[in-house]
Amino acid sequence: MLKIIMPTIMLLPMTILSPPKSLWTNTTSHSILIATLSLQWLTPTYYPYKNLTQWTGIDQISSPLLVLSCWLLPLMIMASQNHLQNEPLIRKRIFITTLIMIQPFIILAFSTTELMLFYISFEATLIPTLILITRWGNQPERLSAGIYLLFYTLISSLPLLVTILYLHAQTGTLHLMILNLTHPILTTSWTGALSSLALLMAFMVKAPLYGLHLWLPKAHVEAPIAGSMLLAALLLKLGGYGIMRLTMFMSPLLNNLHYPFLTLALWGALMTSSICLRQTDLKSLIAYSSVSHMGLVIAACMIQTHWSFSGAMILMISHGLTSSMLFCLANTNYERTHSRILILTRGLQPLLPLMATWWLLANLTNMALPPTTNLMAELTIMISLFNWSAFTIILTGIATFLTASYTLFMLLMTQRGILPSHITSIQNSNTREHLLMILHIIPLLLLILKPELISGTPL
């Protein structure tokens, strides 16, 4: 555990002390080294917890998410190079420092075995994200986006803190392993129902559930590219991970509590997919699509079967890589045309043919084409939901259909059609962007060969 956290923290002095010429090179190469080191966490094991220290431990549910968070740090640094090149050196250093500061908190949040530490690191990821959005966003609306993000997260997670303290008062421990072994404290009384609602609510907002999702498109549209990648790929997964962790020891709970969440999640997947069909803003479209994908994850976590848990796990990992890649592509368009409106950035295929290949690949993974883990995950989730109630196949079926249609709509709008007359000259795509796309798509294509690495099966 420490052999990842310590180098990550040592990235901070490296950022501050690197000479200006080799700032990007040093931070990127060092974080790629950390990412390759973290791959050892994926080795399957018979033990419930690997690398167990007093407060942290890695099991099958957290190891894929941990590797994903280490993998994305170099990608975020690589993606941010272009829009920071005209800024003064001190601002570049502050930007990279902010990105690196999030990393230990996310690693702690995913690997902790103690609820209080989980809550603290869960909340601590909010501050650097807020700095990223409100300082490096593109439009003046970034302040309102930051306020939305802050207040949604804080209002939903204060009841979580109260409930964690209540659990501690009842059982005398907050250690997850011991909580799994003790008798369930949350009975079917009103207190139990309300406290489990409070436990779930914070993660439902973070995940986000349809109806509590309004902060997400705002934050995504205003964030810089690294902020968007971070939000889509890691912070949404904190919500899903929290639901998986906490529903495990809330088992004898009122089933009635699960019904509204399930209905909202599935209905929300359908609604946000149809909202995507009417979007004019590219980043907003990708943000709404991640709401619909995370709706499936929430629905799967709510029914708590082995199949649905492993489907939710695989979908979280593959969605993290896919939507992060889509945001990178949207950003390459934005850097060249300085517009996110779909009508103004259409017909780019003849100008950037290689980028069009990446667009095609990313969109095909987004709509879950066969050789990708997205398909495996969506099928697993749909089968387990169908097994729970046959009626859900209508909602999931329509949602899948709508996903395919808005993905194709996005592909056709950005790549096909007549070139707008205001685009006269455009930069070529460069090696850095192609490498960025390769590092996103290669894990996606390789994981289907051995999906049990990320399926989180031995619960």
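Residues numbered from 1 in each chain as written. Predicted model: local features only at pLDDT ≥ 70, side-chain atom pairs only at ≥ 80, totals over all residues. Heavy atoms only, no water.

Identification of the protein as NADH-ubiquinone oxidoreductase chain 4 from Gallinago stenura is taken from an unreviewed UniProt entry. Per UniProt, the comment on the protein under Function (unreviewed entry) is "Core subunit of the mitochondrial membrane respiratory chain NADH dehydrogenase (Complex I) which catalyzes electron transfer from NADH through the respiratory chain, using ubiquinone as an electron acceptor. Essential for the catalytic activity and assembly of complex I." Quoted verbatim from the Subcellular location (unreviewed entry) heading of the UniProt record, the comment on the protein is "Mitochondrion membrane". (UniProt positions renumbered as here; feature names shortened; annotations may be inferred.)

Participant: Sorry, what's going on with the pattern of salt bridges here?
Facilitator: Side-chain pairs of opposite charge can arise whenever the charged atoms involved come near each other. Enumeration according to the criterion identifies 6 salt bridges in this entry. Among the salt bridges present, the one from arginine 340 reaches aspartate 281, with a minimum N-O distance of 2.9 Å. Note that arginine 340 is positioned in the loop between α14 (306-337) and α15 (353-366) and aspartate 281 in the loop between α12 (255-276) and α13 (282-303), a separation of 59 residues in sequence. Of the two residues, arginine 340 and aspartate 281, neither departs from the other in class, the shared state being buried. Measuring nitrogen to oxygen at the nearest pair gives 3.9 Å for the salt bridge that ties arginine 432 to glutamate 433. In this structure, arginine 432 and glutamate 433 share a single accessibility class: buried. Among the charged side chains, a salt-bridge network with shared partners connects Arg336, Arg432 and Glu433. (Salt bridge = Lys/Arg side-chain N within 4 Å of Asp/Glu carboxyl O. Helix = DSSP H or I, 4+ residues; strand = E, 2+ residues; numbered from the N terminus. Buried < 20%, exposed > 50% of the residue type's maximum accessible area, 1.4 Å probe, protein only.)

Participant: Got a minute to help me understand the packing of helix α3 (residues 62-79) against α14 in this structure?
Facilitator: Relative placement of two packed helices is described by the angle separating their axes and the distance separating the axes. Between α3 and α14, the least distance of the axes is 11 Å, while the angle of their chain directions is 5 degrees. It follows from the interaxial angle that α3 and α14 lie roughly parallel. Contact residues: Pro64, Leu65, Leu68, Trp71, Leu72 and Ala79 in α3; Met313, Met316, Ile317, Leu321, Ser324, Cys328, Asn331 and Glu335 in α14. Classifying every residue of the contact of α3 with α14 gives 11 nonpolar, 2 polar and 1 charged. (Axes fitted to C-alpha atoms, helices over the stretch in contact; angles between N-to-C directions. Parallel < 35°, antiparallel > 145°, perpendicular 65-115°, else oblique. Contact = heavy atoms within 4.5 Å. Nonpolar A, V, L, I, M, F, W, Y, C, P; charged D, E, K, R; others polar.)

Participant: How do you make sense of empty space enclosed by the protein when you look at a structure like this?
Facilitator: Gaps left between atoms show up when a probe the size of a water molecule is rolled over them. Per the counting criterion, the structure on display carries 4 cavities of 30 Å³ or more. Here the largest cavity defines a volume of roughly 70 Å³. Along the walls of the largest cavity sit Ala269, Ser273, Ser292, His293, Leu296, Glu378, Met382, Thr396, Ala399, Thr400 and Thr403, which together make up its complete lining. For the lining of the largest cavity, the secondary structure elements donating two or more residues are α12, α13, α16 (373-388) and α17 (392-415). If you tally residues by element for the lining of the largest cavity, the top one is α17, at 4 residues. Split by residue class, the lining of the largest cavity holds 4 nonpolar, 6 polar and 1 charged. Taken as a whole, the second largest cavity holds about 50 Å³ of empty space. Lining the second largest cavity are Ala109, Thr112, Glu114, Leu115, Phe118, Leu176, Tyr241, Arg245 and Leu246. Elements with a contribution of two residues or more to the lining of the second largest cavity: α5 (115-124) and α11 (225-248). For the lining of the second largest cavity, the leading source of residues is α11, giving 3 residues. Grouping the constituent residues of the lining of the second largest cavity by class yields 6 nonpolar, 1 polar and 2 charged. (1 Å grid on protein atoms, 1.4 Å probe; cavity = no way out; pocket = protein on both sides within 12 Å on 5 of 7 lines; lining within 4 Å. Points joined across faces, edges and corners; volume = space filled by probe spheres on them.)

Participant: Which parts of the structure should I look at to understand the environment of threonine 407?
Facilitator: Within the secondary structure, threonine 407 sits in helix α17. Among the residues examined, threonine 407 registers a relative accessible area of 0% and is labelled buried. Expressed as a C-alpha distance, the spacing of threonine 407 and glutamate 378, which sit 29 residues apart in the sequence, is 16 Å. What threonine 407 contacts, discounting residues up to four positions off in sequence, is Asn363, Asn366 and Met367. A distance of 2.5 Å separates the side chain of threonine 407 from the backbone oxygen of threonine 403, its partner in a polar contact. (Polar contact = N/O pair within 3.5 Å; in protein donor to acceptor, adjacent residues only side chain to side chain.)

Participant: Would you explain α5 in this entry?
Facilitator: Residues that lie three or four places apart on an α-helix share one face, since the helix turns once every 3.6 residues. Burial within α5 is extensive, with 7 of its 10 residues counted as buried. Listed as buried for α5 are Leu115, Phe118, Tyr119, Ser121, Phe122, Glu123 and Ala124. Next to the buried residues of α5 lie α4 (89-111), α6 (126-136), α7 (142-171), α8 (176-181), α9 (190-206) and α11. Its side-chain oxygen 3.2 Å from the backbone nitrogen of methionine 116, glutamate 114 forms the N-cap of α5.

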